[in-house]
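# Structure assessment
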Amino acid sequence: MFCPKCKTILYPEGEVSICKKCGYKEDKGGAVITSTTASQKEREVVDDISGTLPTTVIECGKCGHNKASWIIRQTRASDEPETRIYQCLECKHKWREY
Ligand SMILES: [Zn+2]
Ligand SMILES: [Zn+2]
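Residues numbered from 1 in each chain as written. Chains lettered and ligands numbered in written order. Predicted model: local features only at pLDDT ≥ 70, side-chain atom pairs only at ≥ 80, totals over all residues.

Note the following rule: UniProt positions are given in the numbering used here, feature names are shortened, and annotations may be inferred rather than shown by experiment.
Looking at an unreviewed UniProt entry, the protein chain carries the name Transcription factor S, with the source organism given as Marine Group III euryarchaeote CG-Bathy1. The UniProt entry for the protein chain carries this comment under Sequence similarities (unreviewed entry): "Belongs to the archaeal rpoM/eukaryotic RPA12/RPB9/RPC11 RNA polymerase family."

### Overview of the overall build of the protein chain
Applied cut-off: A run of H or I in DSSP becomes a helix once it reaches four residues, and a run of E becomes a strand once it reaches two; helices and strands are each numbered from the N terminus. Exposure criterion: with C-beta atoms placed from backbone coordinates, a residue whose C-beta has 20 or more other C-beta atoms within 10 Å is buried, one with 12 or fewer is exposed, and one in between is partly exposed. For every residue pair, C-beta atoms are placed from the backbone, and the pair is scored as a contact if these atoms sit within 7 Å.
Across its full length, the protein chain holds one helix and seven strands. For the protein chain, the α and β elements follow one another from N to C terminus as β-β-β-α-β-β-β-β. Looking at the protein chain residue by residue over its 98 residues, the buried ones come to 12%. At a minimum sequence separation of 6, the contacts of the protein chain that also span at least 24 residues come to 28%.

### Some thoughts on the environment of Trp95
Of note, Trp95 is situated in strand β7 (residues 94–97). For Trp95, a count of 17 C-beta atoms within 10 Å translates into the label partly exposed.

### Focus on the environment of Thr8
As for its position among the elements, Thr8 is in the segment before β1 (10–13). For the pair formed by Thr8 and Cys22, sequence separation is 14 residues and the distance between their alpha carbons is 8.8 Å. When sequence neighbours within four positions are dropped, the list of residues in contact with Thr8 reads Phe2, Cys3, Cys19, Lys20 and Lys21.

### Regarding the environment of Lys94
Looking at the secondary structure, you find Lys94 in strand β7. Note on Lys94: 21 C-beta atoms within 10 Å, which makes it buried. Taking C-alpha positions, Lys94 is 9.0 Å from Ala68, a pair spaced 26 residues apart along the chain.

### A word on the UniProt feature "binding site: Zn(2+) 1" (unreviewed entry) in the protein chain
According to UniProt, the positions carrying the feature "binding site: Zn(2+) 1" (unreviewed entry) are Cys3, Cys6, Cys19 and Cys22. Of the residues just listed, which span 20 residues, no C-alpha pair is farther apart than 8.7 Å, and they cluster in one region. Along the chain, Cys3 falls in the segment before β1. Its location among the elements puts Cys22 in the loop between β2 (16–19) and β3 (25–27). Taking the C-beta count within 10 Å as the criterion, Cys22 has 18 such neighbours and is therefore assigned partly exposed. Among residues more than four places away in sequence, those in contact with Cys22 are Cys3, Lys5, Cys6, Cys63 and Cys91.

In structure tokens form, the structure reads like this:
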């Protein structure tokens with residue numbers, strides 16, 4: 001069984017299979033266990049980043065990978081600065097920068 005996030009092989013651990021790379025967990029029935037409680041800040045980044053996007057050299061705070069794709073997202077309020085959203089190419093972790 002492989003991790004859908006980073007394609008690393010999953011290690012069985014008790015009732016679940018765990019990705020040692022990104023922390024992804026899956027139970028034996030195939031259901032995803034979201035044990036990692038997403039912080040409020042992470043939950044804000046809901047934008048689906050997919051397709052062909054520019055990449056940049058930036059360190060992922062989660063897995064330490066040094067490349068991420070990014071998009072510019074304009075906030076609703078026009079007087080606010082635009083937000084750059086990064087997505088790690090390795091573990092698909094997303095974060096934003098103002
Ligand atoms: Zn993984
Ligand atoms: Zn990463």
